[in-house]
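Descriptive structure summary
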Amino acid sequence: MCLAIPARVAELLPGDAARVELGGVLKEISLALVDEVAVGDYVIVHVGYALSKLDQEEAEATLALFAQAGLTPSLEDA
């Protein structure tokens, strides 16, 4: 099973790269598949690529469900 997860863009890097944050963990990803991403935006990340942008409300609701299922840290811990 594959899992794509919402992550907040913490930093834009040269080229089509960005650093995203989830639960205090920073990861470098590619933004090559998504246009007009800014710091603070949420993106759906799968295998190191942002697949699409996601509004903050939907991202936080999804992350809360993942936390309830024990799959990610809760937003309060981030």
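Note that this is a predicted model, so its numbers are computed, not measured. (Residues numbered from 1 in each chain as written. Predicted model: local features only at pLDDT ≥ 70, side-chain atom pairs only at ≥ 80, totals over all residues. Heavy atoms only, no water.)

Let's shift gears to a nonpolar patch on the surface. Among the surface-exposed residues, Leu-33, Val-47, Tyr-49 and Leu-51 lie close enough to one another that they form a single nonpolar patch of about 410 Å² accessible area. Among the structural elements, Leu-33 can be located in the loop between β3 (25-30) and β4 (42-46). (Patch = residues over 30% accessible without salt bridge, like charges linked within 9 Å, V, L, I, M, F, W, Y side chains within 5 Å. Areas by Shrake-Rupley, 256 points an atom, 1.4 Å probe, with all protein chains shown as cover. Salt bridge = Lys/Arg side-chain N within 4 Å of Asp/Glu carboxyl O. Helix = DSSP H or I, 4+ residues; strand = E, 2+ residues; numbered from the N terminus.)

With that out of the way, let us pick up the pairing of strand β5 (residues 49-54). Here five bridges tie β4 to β5, and the two strands are oriented antiparallel to one another. Residue pairing for β5: Tyr-42 is matched across the bridge by Leu-54. Between β4 and β5, which pair antiparallel one after the other, the connecting turn spans two residues, and Val-47 there sits at a positive phi close to 45°. (Pairing = 2+ DSSP bridges.)

A separate point is the side chain of Ser-30. Of note, Ser-30 is situated in strand β3. The exposure class assigned to Ser-30 is buried, which follows from its relative accessible area of 17%. At a separation of 3.1 Å, a polar atom in the side chain of Ser-30 contacts the main-chain amide nitrogen of Ala-32. Setting aside residues up to four positions removed in sequence, Ser-30 forms contacts with Asp-16, Gly-48, Tyr-49 and Ala-50. (Buried < 20%, exposed > 50% of the residue type's maximum accessible area, 1.4 Å probe, protein only. Polar contact = N/O pair within 3.5 Å; in protein donor to acceptor, adjacent residues only side chain to side chain. Contact = heavy atoms within 4.5 Å.)

For the rest of this paragraph, the subject is the pattern of salt bridges. Charged atoms that come close allow side chains of opposite charge to pair. Scanning the entire structure with this criterion turns up four salt bridges. Close ionic contact of Glu-11 with Arg-19 constitutes a salt bridge, the shortest N to O distance being 2.6 Å. Given the relative accessible area of 34%, Glu-11 is considered partly exposed. Arg-19 is the salt-bridge partner of Glu-28, the closest N and O atoms lying 3.9 Å from each other. Among the charged side chains, a salt-bridge network with shared partners connects Glu-11, Arg-19 and Glu-28.

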